[in-house]
Amino acid sequence: MNILFFTRLTSLILAISLSLILHLVVIYFLFNKWDEGIKIQKVSPPKYLQAKLVNLDEKIKKKIQPKPKPKPKPKPKPKPKPKPKKNNENKIKHKILDEQETKSLQASKQLELENKKIVSSYSAYIIERIEANWNRPPSARRGMESKLLIRLVPTGQVISVKLLKTSGNIAFDRSAEQAVYKVGSFDKLQQLDIQTFEKNFRKLQLVFKPNDLRL
Amino acid sequence: MKKINLIIILFAFISLSASAELSINITKGIDNPTKIAIAPLSFYGNQLPEDTSRIIEDNLKRSGLFDPISRKNMLSFPGTIKDIYFRDWKILGAEYLVIGSLILSGDFYEITYSLLEVHSSRLVFTKIAKGSKGQLRDLSHHISDEVYEAITGIEGAFSTKVAYVTSLKSNNKTLYKLMVSDVDGARERLILESNHPIMSPSWSPDAKELVYVSFETGRPAVFRQNLANANRKQLTNFRGLNGAPSWSPDGKKLALVLSKDGNPEIYTFDLRKEKFIRHTNHFAIDTEPNWAPDSKSLVFTSDRGGSPQIYRLTLKNGEVQRLTFRGSYNARPRLASNGRTLVMIHRSAHQFHIATQDLVNGDLRILSNTSLDESPTVSPNSAMLLYATKINNRGVLAAVSLDAGVKFLLPSKQGDVREPAWSPK
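Residues numbered from 1 in each chain as written. Chains lettered and ligands numbered in written order. Predicted model: local features only at pLDDT ≥ 70, side-chain atom pairs only at ≥ 80, totals over all residues.

S.K.: So what about the overall build of chain B? Which residues, and what values?
M.R.: Counting its secondary structure elements, chain B contains four helices and 31 strands. Its C-alpha atoms give chain B principal-axis dimensions of about 95 × 60 × 45 Å. When burial is assessed residue by residue, chain B has 39% of its 425 residues classed as buried. Taking all contacts inside chain B whose residues are at least 6 apart in sequence as the whole, residues at least 24 apart take part in 41%. (Helix = DSSP H or I, 4+ residues; strand = E, 2+ residues; numbered from the N terminus. Buried ≥ 20, exposed ≤ 12 C-beta atoms within 10 Å, placed from the backbone. Contact = placed C-beta atoms within 7 Å.)

Now the structure itself:
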């Protein structure tokens, strides 16, 4: 009995110490990483410009290629760089930056516009799909309004539907939820690049507000 | 300090993600009939006297708002929720599914039934309905009501009844019958049979009695009859016209037309005090009174303006206000229980149609495409109306939804059918 317990303890000590060490290592890395992250946050101004600079390059690529990867890269890469640049080549870079700043501003504006177009065209697609599946109950009246929050995954599939604001008519709310469930999957959203999807279509607010009812 | 920073960043993220959602407005829909599957009731034992699920299916279909899925296409007949494979029902295109199981406990049927959303695989409700052995049809209508209300947001009216008058000619004699049936036409019951005309049945608000006009005494007289024990009582015996009784929604009075003072005028009759009060005094004809839901005013037809039009009479002060202005003939008013929709006979292009007028915005809509339509009566949930019309020179009942989306005929077994009156809830 005693021997058995002892052997078990020794083996346990080994395991415990090992896990302790592992935990410590993990915690150490965890905090170190966070430290760095926060430091990066502090040197924010140059990061701002730098990010747009890279965007311009990407943008040119974008015109030739479809848009699968463009955005995800720029953010992680530029962040660590600014530190050394700021220290060493600050003055030389400054002039170039000034020139490119205006350019990048224009470019970003254009990009934004293009993004808006994409978002609105895919929104129109979503509207069309839902309207084709929305079966209003006869108790629906003009002026009723239900608000839903839906969550999508990049395949376009609906993974959750939540009622944010009731119209006051349960049947009406239910018909709105049913319309979304009936669509089930907004397949065309698969064509979107992941950045645009994440930014605009991961979570969606749908406002159901009929204006074509007689009463 | 670090921790606080972290928390701040975390909060910033949360608030950012909460406000960043794209908002999309949906303003149109299609409004097709809802696809619904009513699985046959599961039970052990002998064949049931009624096919409950079939009755529910027919009820929902007749409302025009549902498109039931044919039983022969169903892949399974689940009796309980755990037996449901939602995918099977999705394939059939069903949006909703009704399942139920029946047990016989003593002399009572107990039906446990559930309504489910197919696409989201969610349960809307599970309820229990109990009834005696003779009430299987009532239970079916009750379940129909519950399902209808959950999906449409409107109270169901499948458990209500209809009174009507049939007439059958044989050997130069006409036989008149006052009948009551379920709204689906089943369980027809004879209330009164006579060789003299029967007219204008009107329900008491508790749906236990009828008032009607019978010519059996040689001249029109208003009678009141209890449906359960057939007790009847003659209420009027005046010279001239005694007609168009209408029971007030609060149950206290009748409105009717009497010409005992020379000219058809609107009266009310206090049922407790048995006293008549005259409300109109005009040389024109005032007739066909019908109560507003609050029992405080009446609508009636009068030709005091030169052509038959509909007026409203406020009982408290006797004030009369004209309601209809379009067309040269508007008559036989009935106010829906919503107090807003006026149903009437409207003449346009020399044909008599059923029309509704919205008393708030004034919209006039012609609902029927038959001609010679008469006697509209509105369902207690203000969703449908019944009226009498002529098809191939035969009097039949027809139904139309108040949005004119659904129309159907109720075929009569024999003879002419006229003067339908939809019972209250």
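After that view, the rundown keeps rolling.
S.K.: Before we move on, can you summarise the overall build of chain A with the specific residues and values?
M.R.: The number of helices and strands found in chain A is six helices and three strands. Helices (α) and strands (β) of chain A occur, in sequence order from the N terminus, as α-α-α-α-β-β-α-α-β. Looking at chain A as a whole, 18% of its 215 residues qualify as buried. Contacts spanning at least 24 positions in sequence make up 74% of the contacts within chain A whose residues lie at least 6 apart.

S.K.: Break down the domain arrangement of chain B for me, with residues and values.
M.R.: Residue and element names in this part refer to chain B. For chain B, the assigned domains read domain 1 (34-152) and domain 2 (161-422). The C-alpha-based centres of domain 1 and domain 2 are spaced at 36 Å. On the domain 2 side, the residues contacting the five residues of domain 1 number seven residues. Here the side of domain 1 that touches domain 2 gets three residues from one element, more than from any other, and that element is helix α2 (residues 52-62). Of the residues that constitute the side of domain 1 that touches domain 2, the class distribution is no nonpolar, two polar and three charged. (Domains from an automatic or database assignment. Nonpolar A, V, L, I, M, F, W, Y, C, P; charged D, E, K, R; others polar.)

S.K.: Before we move on, could you go through α2(B) and cite the residues and values that matter?
M.R.: Among the residues making up α2(B), those that are buried are B:T52, B:S53, B:I55, B:I56, B:E57, B:N59 and B:L60. Of the surrounding secondary structure, the elements contacted by the buried residues of α2(B) are β2 (34-38), β4 (66-68), β5 (96-105) and α4 (136-152) of chain B.

S.K.: Report on the pairing of strand β10 (residues 189-194) of chain B, specifying residues and quantitative values.
M.R.: Residue and element names in this part refer to chain B. Counting buried positions along β10 yields zero of six residues, so the element is predominantly exposed. By the bridge criterion, five bridges tie strand β9 (residues 173-182) to β10 in an arrangement that is antiparallel. In the sheet register, K177 faces β10, and the bridge partner there is E193. Linking β9 to β10, which pair antiparallel, is a turn of six residues; within it G185 sits at a positive phi near 90°. (Pairing = 2+ DSSP bridges.)

S.K.: Which residues make up α4(B), and what are the values?
M.R.: Residue and element names in this part refer to chain B. With 17 residues, α4 should cover 24 Å at 1.5 Å per step; its first-to-last C-alpha distance of 24 Å lies within 8% of that length. Burial of α4 is extensive: 13 of the 17 residues sit out of reach of the surface. Looking at the residues trailing α4, positive phi occurs at G153, about 80°. (Expected span 1.5 Å × (residues − 1).)

S.K.: Please provide a residue-by-residue account of the sheet that holds strand β8 (residues 161-170) of chain B, values included.
M.R.: All names here are of chain B. One open sheet accounts for four strands, arranged β10-β9-β8-β31; its pairing is antiparallel. The outermost strands of the open sheet, each flanked by one partner alone, are β10 and β31 (416-422). Across the sheet, the axes of successive neighbouring strands diverge by a mean angle of 20°, strand direction being ignored. Note that β8 and β9 share ten bridges and pair antiparallel. Its bridge partner being in β9, Y164 is matched across the sheet by M179. (Axes fitted to C-alpha atoms, helices over the stretch in contact; angles between N-to-C directions.)

S.K.: Tell me about the nonpolar core, and please be specific about residues and values.
M.R.: Residue and element names in this part refer to chain B. Residues A163, L256, I354 and L385 are the most contacted members of the largest nonpolar core, which totals 61 residues. Residues within four places of L256 in sequence aside, it is in contact with V222, G243, A244, P245, Y267, F269 and P289. Counting 31 residues, the second largest nonpolar core, distinct from the first, contains F66, I69, Y96 and I99. (Core = buried A, V, L, I, M, F, W, Y, C linked by C-beta atoms within 7 Å.)

S.K.: Outline the packing of α2(B) against α4(B), supporting the account with residue identities and numerical values.
M.R.: Working note: a packed helix pair is described by the angle between its axes plus the distance between those axes. Residue and element names in this part refer to chain B. Taken N-terminus to C-terminus, the directions of α2 and α4 make an angle of 45°; their axes are 9 Å apart at the nearest point. Judged by the inter-axis angle, α2 sits oblique to α4. The chirality of how α2 crosses α4 is right-handed. Here T52, I55, I56, N59 and L60 of α2 lie close against α4, whose contacting residues are L136, R137, L139, S140, H141, I143, S144, V147 and Y148. In terms of residue class, the contact of α2 with α4 is made up of eight nonpolar, five polar and one charged. (Parallel < 35°, antiparallel > 145°, perpendicular 65-115°, else oblique. Left-handed = near helix turned anticlockwise from the far one by under 90°.)

S.K.: How would you summarise the interface of chain B and chain A if you had to cite specific residues and measurements?
M.R.: On the side of chain A, 36 residues touch chain B, which itself brings 26 residues to the contact. No other element matches the five residues that strand β1 (residues 22-26) of chain B contributes to the side of chain B that touches chain A. For the side of chain B that touches chain A, the class distribution of residues is eight nonpolar, eleven polar and seven charged. Sheet analysis places strand β3 (residues 203-208) of chain A next to β1(B), joined by five bridges and oriented parallel. The partner of A:V207 across the bridge, within β1(B), is B:N25.

S.K.: Can you tell me about unusual backbone geometry, naming the residues and giving the values?
M.R.: All names here are of chain B. The residue H350 is not glycine, and still its phi comes out positive at about 60°. With respect to the helices, strands and loops of the structure, H350 is situated in the loop between β24 (341-348) and β25 (351-358). On the basis of neighbour count, H350 is assigned to the exposed category, with 7 C-beta atoms found within 10 Å. For N392, which is not glycine, the phi torsion reads 55° and is therefore positive. With 5 C-beta atoms packed within 10 Å, N392 lands in the exposed category.

S.K.: Before we move on, could you go through the confidence of the model for chain A and cite the residues and values that matter?
M.R.: Residues and elements named next belong to chain A. Overall, the predicted model of chain A reaches an average pLDDT of 76, with 65% of residues at or above 70. By mean pLDDT, helix α2 (residues 44-64) is the weakest element of chain A at 47, and strand β1 (residues 146-152) is the strongest at 95. Counting interchain partners and residues more than four positions distant, the pLDDT-below-50 stretch residues 37-75 has 46 contacts. (pLDDT = per-residue confidence, 0-100.)

S.K.: Mind laying out the environment of B:D83, listing which residues take part and the relevant values?
M.R.: Along the polypeptide, B:D83 turns up in the loop between β4 and α3 (86-91). In the structure, B:D83 is positioned 69 residues away from B:T152 in sequence and 26 Å away in space, judged by C-alpha atoms.

S.K.: Can you lay out the sheet that holds strand β19 (residues 286-291) of chain B for me, pointing to particular residues and giving the numbers?
M.R.: Hydrogen bonds between backbone atoms are what pair the strands of a sheet, whose relative direction is either parallel or antiparallel. All names here are of chain B. With antiparallel pairing, four strands are arranged side by side in an open sheet as β19-β20-β21-β22. Looking at which strands have only one partner, the edges of the open sheet turn out to be β19 and β22 (319-322). In this sheet, adjacent strand axes meet at a mean angle of 30° when their direction is disregarded. Strand direction decides the pairing type here: strand β20 (residues 297-302) and strand β21 (residues 309-314), joined by six bridges, are antiparallel.

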